[in-house]
Amino acid sequence: MNSQINITLWNIQTTNVVTALEDFIEDWKVSKNSDLEEYLRSYPGYFKSDEDTREAIRLVLGYAKELMDGQRDTVGFYENKIWRTEDGESVRMTHFHERTISTLMQKIVVER
């Protein structure tokens with residue numbers, strides 16, 4: 001029996017996700033505070049985004065937080081990262097944005 005997973009391109013405002021990650025990393029570098037909930041409460045771009053983009057921001061920044069807190073030693077992806085949404089969908093971003101996010105997350109590993 002073959003089990004196939006349907007992976008779709010995530011319909012999100014990807015630039016907003018990348019900008020949030022950049023800002024979260026810069027904030028963390030200065031404060032060494034990786035409290036994601038606190039960050040999201042104070043980040044206006046989060047509230048200006050649609051629901052799918054907010055979910056993407058939470059997932060991507062949650063992954064970054066794990067790197068900041070030492071729960072992950074490496075980024076573990078460069079392209080083809082599959083994300084699982086709250087609804088159980090398997091989604092991915094464009095390769096360009098995946099590479100950008102991976103490169104940004106590498107900075108966390110170096111700074112830690």
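Residues numbered from 1 in each chain as written. Predicted model: local features only at pLDDT ≥ 70, side-chain atom pairs only at ≥ 80, totals over all residues. Heavy atoms only, no water.

Trainee: Mind showing me how you'd approach the nonpolar core here?
Mentor: Within soluble globular proteins, side chains that are nonpolar tend to cluster in buried spots. In this structure, Leu21, Val60, Leu61, Ile101 and Met105 are the most contacted members of the largest nonpolar core, which totals 31 residues. For this core, the secondary-structure elements that each account for two or more residues are α1 (14–31), α2 (36–42), α4 (51–68) and α5 (95–111). Counting residues per element, this core draws most heavily on α4, which supplies eight residues. In this view, Ile101 contacts Val17, Val18, Leu21, Val60, Phe77 and Met93; residues no more than four positions away in its chain are not counted. (Core = buried A, V, L, I, M, F, W, Y, C linked by side-chain atoms within 4.5 Å. Buried < 20%, exposed > 50% of the residue type's maximum accessible area, 1.4 Å probe, protein only. Helix = DSSP H or I, 4+ residues; strand = E, 2+ residues; numbered from the N terminus. Contact = heavy atoms within 4.5 Å.)

Trainee: Quick question: what am I supposed to make of a nonpolar patch on the surface here?
Mentor: On the surface, Ile5, Ile7 and Ile82 cluster together into a nonpolar patch covering about 250 Å² of accessible area. Within the secondary structure layout, Ile82 lies in the loop between α4 and β2 (83–84). What makes Ile82 partly exposed here is its relative accessible area of 33%. (Patch = residues over 30% accessible without salt bridge, like charges linked within 9 Å, V, L, I, M, F, W, Y side chains within 5 Å. Areas by Shrake-Rupley, 256 points an atom, 1.4 Å probe, with all protein chains shown as cover. Salt bridge = Lys/Arg side-chain N within 4 Å of Asp/Glu carboxyl O.)

Trainee: Explain the side chain of Ser102 to me, please; I cannot follow it from the model alone.
Mentor: Structurally, Ser102 is set in helix α5. We classify Ser102 as buried; its relative accessible area is 2%. Apart from the residues lying within four places of it in its own chain, the contact partners of Ser102 are Val75, Phe77 and Tyr78.

Trainee: How do you make sense of α5 when you look at a structure like this?
Mentor: In this model α5 runs 25 Å from its N-terminal to its C-terminal C-alpha over 17 residues, within 8% of the 24 Å that 1.5 Å per residue would give. On its buried face, α5 sits against α1, α4 and β3 (90–92). (Expected span 1.5 Å × (residues − 1).)

Trainee: Even after reading the chapter, I still don't get the sheet that holds β2, so can you show me in this structure?
Mentor: Pairing between the strands of a sheet is mediated by backbone hydrogen bonds and can be parallel or antiparallel. Spatially, the three strands line up as an open sheet ordered β1-β3-β2, and their pairing is mixed. The open sheet is flanked by β1 (7–9) and β2, the only strands paired with a single partner. Alignment of β1 against β3, held across three bridges, turns out to be parallel. The residue of β3 that forms the bridge with Leu9 is Arg92. (Pairing = 2+ DSSP bridges.)

Such coordinate-based values are descriptive only and should not be taken to indicate function.
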